[in-house]
Amino acid sequence: QLVESGGGLVQAGGSLRLSCAASGGSFNRYVMGWFRQAPGKQREFVAAITHSGDTTYYADSVKGRFTISRVNAENILYLQMNSLKADDTAVYYCAAATRWIVTEVAEYSYWGQGTQVTVSS
């Protein structure tokens, strides 16, 4: 089970840190990713991190502003979001996968319920 938290309303230029708490499985066996979905749009890839946390990958739209990290000992995944823009407004989801094909929604077997991030301009 994956449970996101940390979303909210923030002004443009501000920061938020999302958390994803995992339970019920071997967290350190999974590639973890963050996706987002804005109203009327498809779910899109944001960031991913390997099992150990030694490699990360970002969508071009968030590169340099967002940082994905994980603490395997605590079964937690994070997404630090800085310099937020109105275009970052979306529901953010964490997800778990077994393979490093990280941008494809279909590769992820487990999903959280999502947390809303709203950036006001």
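See the structure printed just above.
Everything in this summary refers to the structure shown in the same document. (Residues numbered from 1 in each chain as written. Predicted model: local features only at pLDDT ≥ 70, side-chain atom pairs only at ≥ 80, totals over all residues. Heavy atoms only, no water.)

Take unusual backbone geometry next. The phi torsion at N75 lies on the positive side, around 55 degrees, for a residue other than glycine. With respect to the helices, strands and loops of the structure, N75 is situated in the loop between β7 (66-71) and β8 (76-81). What makes N75 partly exposed here is its relative accessible area of 27%. One non-glycine residue, S83, adopts positive backbone phi at about 50 degrees. For S83, a relative accessible area of 41% gives the class partly exposed. (Helix = DSSP H or I, 4+ residues; strand = E, 2+ residues; numbered from the N terminus. Buried < 20%, exposed > 50% of the residue type's maximum accessible area, 1.4 Å probe, protein only.)

The next subject is the nonpolar core. In this structure, W34, L77, L79, M81 and Y92 are the most contacted members of the largest nonpolar core, which totals 37 residues. If you list the elements that add at least two residues to this core, you get β3 (16-22), β4 (31-37), β5 (44-49), β7, β8, β9 (90-97) and β11 (115-120). Top contributing element to this core by residue count: β9, with 6 residues. In this structure, L79 is in contact with L16, R17, L18, W34, V46, A47, F66, T67, I68 and Y92, ignoring residues within four places of it in sequence. (Core = buried A, V, L, I, M, F, W, Y, C linked by side-chain atoms within 4.5 Å. Contact = heavy atoms within 4.5 Å.)

Where burial is concerned, the two faces of β11 differ: the one with T115, V117 and V119 is buried and the one with Q116, T118 and S120 is not. Summarising the sheet, strand β2 (residues 8-11) and β11 pair through 4 bridges and their orientation is parallel. Across the sheet, V10 pairs through a bridge with V119, a residue of β11. Relative to β11, β9 runs antiparallel, the two being bridged by 3 bridges. Residue Y92 lies in a different strand from β11, and its bridge partner there is T115. (Pairing = 2+ DSSP bridges.)

What follows deals with the pairing of β3. For β3, the tally of buried residues reaches 5 of 7 residues, placing the bulk of the element in the interior. Sheet topology places strand β1 (residues 2-5) next to β3; 4 bridges connect them, and they run antiparallel. Each residue of the ladder has a partner; that of L2, found in β3, is A22. Here 6 bridges tie β3 to β8, and the two strands are oriented antiparallel to one another. Bridged to C20 within β8 is L77.

What follows concerns the sheet that holds β1. Ordered in space as β1-β3-β8-β7, the 4 strands form an open sheet in which the pairing is antiparallel. Bordering the open sheet on either side are β1 and β7, each of which pairs with just one other strand. Taking each pair of neighbouring strands and ignoring which way they run, the sheet shows an average axis angle of 15 degrees. Sheet analysis places β7 next to β8, joined by 6 bridges and oriented antiparallel. For T67, the partnering residue across the bridge sits in β8 and is Q80. (Axes fitted to C-alpha atoms, helices over the stretch in contact; angles between N-to-C directions.)

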